[in-house]
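Chain residues, written in single-letter form:
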Amino acid sequence: MERESTQRMVFGDVEVLRVVEWQGPFAPAGELVPGAGAETWKENEDWLAPDHWDPATGRAVMALQTWVLRSAGRTVLVDTGVGDGRERPGSPQFHHWRGDFPGLLERAGVRPEDVDVVVNTHLHADHVGWNTRAADDGEWVPAFPRAQYLLPAADDAHFGPGNAYGGGLRVDDRYVYEDSVAPVHRAGQAVLWDGVHRIDEHLTLESAPGHTPGSAVLRLASGGERAVFVGDLLHSPVQILDPARNSCFCLDAGQAAASRRRVLERAADERELVVPAHFGGTGVAEVRREGGAFTVTAGRP
């Protein structure tokens, strides 16, 4: 298990910091990606282990992490982890999680007041938790007082109180919205977007639905270098080998697979470094096409 890790990359004029809160064996591989049989993991053990799979336990290795981008004079956070002391009864691994995310950011040179933009690639518990913090009176308030929070409109509608039927909602989803999303709305710091949203000359958000209705990717292009932050479009590299394999958390299997293939095709064609939300190891992957399939090469350190 790795804690309190920071790694730095540069893409043209954009600096990227990876802040890792936790990394280690997480869920049984066969449950996380049900479409990948035991033979898939075993046949690829030479490169999946130890960064993406632990053969001894059969569990997928994953990370809980945030990406800090310094772009066009502003500081942008991509996803904010689980949060601290949250009610998550349906997710034992996150229930009352205790972490030091603000301390990790501070050690990476980022204070709460330094953050200009928070991007939530989607509104699941482990991507929005540190949107907020507990104030002295116990109320949840935005953790980044100056930030604009970019929220996918389709996810806000799906997980928010306006979804009278609650289709696809899990036991924790109401808790997540109430403690990590609604306070941002009340503070007037939420910006809902759909389709395509340009943050600056280097960064653009694009809808990639399926994992959730509003799941998004963030594209970075600067100085001839490219990366795409794909959120939970990928949980494991075995999904790159076969984009039809969904995680157990994808709400719309067909749409998720279509979004995954589309994003991977562009990444391969345009040499975009793929940056998923939860990959272990270096946290990134280089994707190439071989006929109608994809291969994974070593990620950038």
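Worth saying up front: this structure is predicted, and the values here are computed from it rather than measured.

Rules and cut-offs
- Residues numbered from 1 in each chain as written.
- Predicted model: local features only at pLDDT ≥ 70, side-chain atom pairs only at ≥ 80, totals over all residues.
- Heavy atoms only, no water.
- Helix = DSSP H or I, 4+ residues; strand = E, 2+ residues; numbered from the N terminus.
- Rg over C-alpha atoms; globule rule 2.2 N^0.38 Å.
- Buried < 20%, exposed > 50% of the residue type's maximum accessible area, 1.4 Å probe, protein only.
- Contact = heavy atoms within 4.5 Å.
- Areas by Shrake-Rupley, 256 points an atom, 1.4 Å probe, with all protein chains shown as cover.
- Lys, Arg positive; Asp, Glu negative; His and termini not counted.
- Charge placed at Lys NZ, Arg CZ, Asp CG, Glu CD.
- Core = buried A, V, L, I, M, F, W, Y, C linked by side-chain atoms within 4.5 Å.
- Expected span 1.5 Å × (residues − 1).
- Bend = angle between axes of the 7 residues up to and from the residue.
- Polar contact = N/O pair within 3.5 Å; in protein donor to acceptor, adjacent residues only side chain to side chain.
- Arc of directions from axis to C-beta.
- Pairing = 2+ DSSP bridges.
- Right-handed = clockwise from strand over helix to strand, strands pointing away.
- Axes fitted to C-alpha atoms, helices over the stretch in contact; angles between N-to-C directions.
- Phe/Tyr/Trp six-rings, centres within 6.5 Å; stacked < 30°, edge-to-face > 60°.

Broken down by element type, the protein carries nine helices and 17 strands. Computed over the C-alpha atoms, the radius of gyration of the protein is 18 Å, within 12% of the 19 Å expected from 2.2 N^0.38 for a compact globule of 301 residues. Structurally, the protein occupies a C-alpha span of about 55 × 45 × 35 Å along its principal axes. The 301 residues of the protein split such that 54% are buried. Contacts spanning at least 24 positions in sequence make up 65% of the contacts within the protein whose residues lie at least 6 apart. Summed over all atoms, the accessible surface of the protein reaches about 12,100 Å², with 49% contributed by carbon and sulfur. The positive charge centre, built from 29 side chains, and the negative charge centre, built from 44, are 3 Å apart in the protein.

Quick look at the nonpolar core now. Core analysis: the biggest nonpolar cluster contains 26 residues, and Val68, Leu105, Val115, Phe144 and Tyr149 have the highest contact counts within it. Counting residues per element, this core draws most heavily on helix α7 (residues 173-186), at five residues. With near-sequence residues (within four places) excluded, Phe144 lies in contact with Leu77, Thr80, Phe101, Leu105, Pro112, Val115, Val118, Trp130, Asn131, Tyr149 and Gln189. Counting residues in each nonpolar core, the second largest holds 23 residues, with Val76, Ile199, Leu205 and Leu273 among its members.

Now for unusual backbone geometry. Negative phi is the rule for most residues except glycine; trans is the rule for most peptide bonds. The peptide bond linking Ala49 to Pro50 adopts the cis configuration, its omega dihedral lying at 0°. In this structure, Pro50 sits in the loop between α3 (45-48) and β3 (53-54). Phi is positive for Asp79, which is not a glycine, with a value near 70°.

Next up on the list: α7. Residues three or four positions apart in an α-helix share a direction because the helix packs 3.6 residues into each turn. In a regular helix each residue adds 1.5 Å, so 14 residues correspond to 20 Å; α7 covers 18 Å between its end C-alpha atoms and thus fits that length. Largest kink in α7: about 35°, centred on Asp179, with the proline Pro183 one to four residues after it. Along α7, the residues classified as buried are Asp173, Val176, Tyr177, Asp179, Ser180, Val181, Ala182, Pro183 and Val184. Buried residues belonging to α7 abut α5 (125-128), β7 (132-134), β8 (140-142), β9 (148-152), α6 (153-159) and β10 (190-193). At the exit of α7 stands Gly188, carrying a positive phi of roughly 75°.

This brings us to the environment of Arg219. Checked against the element boundaries, Arg219 lands in strand β13 (residues 216-222). Once the C-alpha coordinates of Arg219 and Leu205 are considered, the two residues, 14 residues apart in sequence, prove to be 6.3 Å apart. In this view, Arg219 contacts His202, Leu203, Thr204, Glu206, Ala227, Val228, Val263, Arg266 and Glu272; residues no more than four positions away in its chain are not counted. Within the structure, the side chain of Arg219 is placed 3.0 Å from the side chain of Glu206, a separation counted as a polar contact. For Arg219, the side chain forms a polar contact with the side chain of Glu272, separated by 2.9 Å.

So, about helix α9 (residues 253-270). Along its 18 residues, α9 runs 26 Å from first to last C-alpha, staying within 8% of the 26 Å computed at 1.5 Å per residue. Those residues of α9 lying buried are Ala256, Ala257, Ser259, Arg260, Val263, Leu264, Ala267 and Ala268. Down the axis of α9, the buried side of the element spans an arc of 165°, and every buried residue falls inside it. Away from its buried face by more than 90 degrees, α9 exposes Gly254 and Asp269.

The next thing to look at is the pairing of strand β5 (residues 74-78). The buried fraction of β5 amounts to four of the five residues, a majority that puts the element mostly inside the structure. Here strand β4 (residues 59-71) folds back onto β5 in antiparallel fashion, the turn holding two residues, of which Ala72 has a positive phi close to 50°. Examined bridge by bridge, β5 and strand β6 (residues 117-119) share three bridges and lie parallel to one another. Bridging across to β6, Leu77 finds its partner in Val118. Once you follow β5 into helix α4 (residues 101-107) and on to β6, the crossover reads as right-handed.

On to the sheet that holds β13, then. Pairing is mixed in the open sheet, where five strands are placed in the order β11-β12-β13-β14-β15. Two strands in the sheet have a free side with no partner beyond their single neighbour: β11 (196-198) and β15 (273-276). Each adjacent strand pair in this sheet contributes to an overall mean axis angle of 20°, direction not counted. Relative to β13, strand β12 (residues 203-207) runs antiparallel, the two being bridged by five bridges. Counterpart to Glu206 in the pairing with β13 is Val217. Where α9 meets the sheet, it contacts β12, β13, β14 (225-231) and β15, and its direction lies at approximately 165° from that of β14.

All chains considered together, the criterion is met by six aromatic pairs. Plain terms: the ring middles of Phe101 and Trp130 are 6.1 Å apart, the flat faces sit at 25° to each other, and that makes the pair stacked. One end of the pair, Phe101, is in helix α4; the other, Trp130, is in the loop between α5 and β7, and 29 residues separate them in sequence. Taking relative accessible area as the criterion, Trp130 reaches 9% and is therefore assigned buried. An aromatic cluster is defined as three or more aromatic residues linked by ring pairs; in this entry it consists of Trp22, Phe26, Phe94 and Trp97.

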